[in-house]
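Now for the letters of each chain:
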Amino acid sequence: MTEKHVKVLVLGSGPAGLSAALYAARAELEPIVLTGMQLGGQAALTHTIENYPGFPEGVGGAQLGELFQKQAENFGAKVEFNMAHEVDLSQRPFTVKTDDGDYKAETLIVTTGANPNHLEIPGEVELTGRGVSYCATCDGWFFKDKRVVIVGGGDSAFEEALFITRYASSVTLIHRREEFRAGAILQNRAKEHPKMNFILDTVVTEVVGTDKLTALKLKNVKTGQESTFETDGLFIFIGHTPNSQMFKGQLEMSDLGYVLVNDKMETSVEGVYAAGEIADPHFRQVITSAGMGAAAAIQATKFLEEKETVHG
Ligand code: NAP
């Protein structure tokens, strides 16, 4: 097993990680990015990103990720398809264990993002990939001319529902309340779309099907009335849980598991920074994550310069 020594190690390759890598590379710190499971992070699974400045016609999520990666690599960042599974932040250099050996990092920038929440109802796990999905860009195509249900009332649910209207014959959005969290523009677009229907004050209580999803059991939360709704697909967009388990007991976190950072992206451990969704329960935008990543790398650069001045 090899052991690599790096000045800046970035965990995660979403907008935060690749922006951190760009800034660290331009500071000639030769950062290494460990991609994690999904190169480009969750943004790469988004079909079109319409609110990242500089792309007036919108840009594909995967395409934007590739551009971020290329730009960071142009300045000397190395992107490695590898996954960290254990860290020791008790002393510098920090140790990060992977299947391909250990890394010793002078500074660490944590951008490991978040994973989609599950409804945790009977049938959900069994029928995932057989009608149940958490990614419209990945699976939307499989529902060409089919009936699809979306669960959730936030921006993600509306954005993805509108995307699936390209394929599906009908898209029914089921939400547990009467009001939505989604922004007005998305709400209006969805409400005006001829393929979209809404069922409010309702929760899905069971996913029905043997080999594939055939129906959902629903319950109206106001009347208690139960019903069965036939559908071919169920897409669930009910928020995310930060990917922070690996840092439990080592970095300070909120009750929900978000890594706590100050306005310089510094965590509770000197030399460790966090950026993007792992540290951001509020905005979850490509632009805010990219900004946090850049800030983290600028701060890591300053930290290393100060250490060199003191010890050099
Ligand atoms: P979100 O805003 O937290 O919305 C989650 C939705 O899921 C809420 O409507 C919530 O209902 C519902 N929900 C949660 N748990 C549920 C459960 N167990 N059963 C049924 N419904 C449940 O999450 P999000 O849509 O992923 O967005 C997260 C953040 O990213 C937001 O700040 C959003 O603005 C941002 N975002 C922005 C864009 C964009 O600008 N284009 C795109 C995607 C995301 P309640 O409303 O009743 O709580």
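Every chain's residues receive numbers from 1 upward, in the order its sequence appears when written. Two thresholds apply to this predicted model, a pLDDT of at least 70 for residue-level local features and 80 or more for giving and counting side-chain atom pairs, whereas whole-chain, interface and lining totals are computed over all residues. With hydrogens and water excluded, all non-hydrogen atoms of the structure serve as input to the side-chain values.

### Considerations on the site of the ligand
Alright, step 1. In these notes, residues near a molecule or strand are those with any non-hydrogen atom within 4 Å of it. In the vicinity of the ligand, 20 residues are found, and the nearest of them are Asp155, Ser156, Glu159, Arg177 and Arg181.
Alright, step 2. Glu159 places a polar side-chain atom, nitrogen or oxygen, 2.6 Å from a nitrogen atom of the ligand.
Alright, step 3. Arg177 is positioned with one of its side-chain polar atoms (N or O) 2.7 Å from an oxygen atom of the ligand.
Alright, step 4. With the chains in place, 76% of the 910 Å² that the ligand exposes on its own is no longer accessible.
Alright, step 5. Each helix is a run of DSSP H or I of at least 4 residues and each strand a run of E of at least 2, with the numbering of both proceeding from the N terminus. Top contributing element to the shell around the ligand by residue count: helix H4 (residues 155–164), with three residues.
Alright, step 6. Charged residues are taken to be Asp, Glu, Lys and Arg, nonpolar residues to be Ala, Val, Leu, Ile, Met, Phe, Trp, Tyr, Cys and Pro, and polar residues to be all remaining types, Gly included. Of the residues belonging to the shell around the ligand, the class tally is four nonpolar, ten polar and six charged.
Alright, step 7. As annotated, the domain borders come from an automatic or database domain assignment. Taken domain by domain, the makeup of the shell around the ligand includes at least three residues from each of domain 1 (2–115 + 240–311) and domain 2 (118–236). Within 3.5 Å is the distance limit for a polar contact, defined as a pair of N or O atoms, with the added protein rule that one can donate a hydrogen and the other accept it, and that residues adjacent in sequence qualify only through two side-chain atoms. Computed by Shrake-Rupley with a 1.4 Å probe, the accessible areas treat only the displayed protein chains as cover when residues are assessed.

### What to know about the nonpolar core
Alright, step 1. For our purposes a nonpolar core is just a set of buried Ala, Val, Leu, Ile, Met, Phe, Trp, Tyr and Cys residues, chained together by side-chain atoms within 4.5 Å. Relative accessibility under 20% of the residue-type maximum defines a buried residue, over 50% an exposed one, and the middle range a partly exposed one, all with a 1.4 Å probe and only protein chains included. With 55 residues, the main nonpolar core has Leu9, Leu11, Leu89, Val96, Leu108 and Ile109 as its most contacted residues.
Alright, step 2. Beyond its immediate sequence surroundings of up to four residues, Val96 is in contact with Leu9, Leu11, Leu34, Ala84, Glu86, Val87, Gly101, Asp102, Tyr103 and Leu108.
Alright, step 3. Core analysis: the next-biggest nonpolar cluster, separate from the first, contains 21 residues, Ala157, Tyr167, Val171 and Leu173 among them. Between two residues, a contact is recorded if the distance between any of their heavy atoms is within 4.5 Å.

### Considerations on the packing of aromatic side chains
Alright, step 1. Only Phe, Tyr and Trp rings take part, Trp by its six-membered ring, and two of them pair if their centres are within 6.5 Å. Stacked means planes under 30 degrees apart, edge-to-face means over 60, and tilted covers everything else. Scanning the entire structure with this criterion turns up nine aromatic pairs.
Alright, step 2. Ring plane angle 75° and centroid distance 5.3 Å describe the contact between Phe143 and Phe235, whose orientation is recorded as edge-to-face. Of this pair, Phe143 sits in the loop between helix H3 (136–139) and strand S11 (147–151) while Phe235 is found in strand S17 (residues 233–236), placing the two residues 92 residues apart along the sequence.
Alright, step 3. Residue class for Phe143 comes out buried when judged on its relative accessible area of 7%.

### Points about the domain arrangement of the chain
For interface size, the figure often reported is the accessible area lost on association.
Alright, step 1. According to the domain assignment, the chain consists of domain 1 (2–115 + 240–311) and domain 2 (118–236).
Alright, step 2. Taking only C-alpha atoms into account, the centre of domain 1 sits 32 Å from that of domain 2.
Alright, step 3. At the junction of the two partners, domain 1 supplies six residues and domain 2 supplies eight residues.
Alright, step 4. We define buried area as the total accessible area lost by two parts upon association, computed with a 1.4 Å probe and summed across both. Interface area, domain 1 with domain 2, both sides summed: about 510 Å², of which 49% is carbon and sulfur.
Alright, step 5. By salt bridge we mean one thing: a side-chain nitrogen of Lys or Arg within 4 Å of a carboxyl oxygen of Asp or Glu. The interface formed by domain 1 and domain 2 includes one salt bridge.
Alright, step 6. Ionic pairing is found between Glu50 and Arg189, a salt bridge with its closest N-O pair at 3.6 Å.
Alright, step 7. A per-class count over the side of domain 1 that touches domain 2 returns one nonpolar, three polar and two charged.

### Topic: the side chain of Asp280
Alright, step 1. Mapped onto the secondary structure, Asp280 falls in the loop between strand S19 (272–274) and helix H6 (286–311).
Alright, step 2. None of His or the chain ends enter the tally, which takes Lys and Arg as positive and Asp and Glu as negative. No salt bridge is formed by the buried Asp280, whose closest oppositely charged neighbour, Arg284, lies at an N-O distance of 6.7 Å.
Alright, step 3. Reaching out from Asp280, the side chain makes a polar contact with the backbone nitrogen of Phe283 at a distance of 2.8 Å.
Alright, step 4. Within the structure, Asp280 has its side chain in polar contact with the backbone nitrogen of Arg284 (distance 2.8 Å).
Alright, step 5. When residues no more than four places from it in sequence are discounted, the contact partners of Asp280 are Tyr258, Thr288 and Met292.

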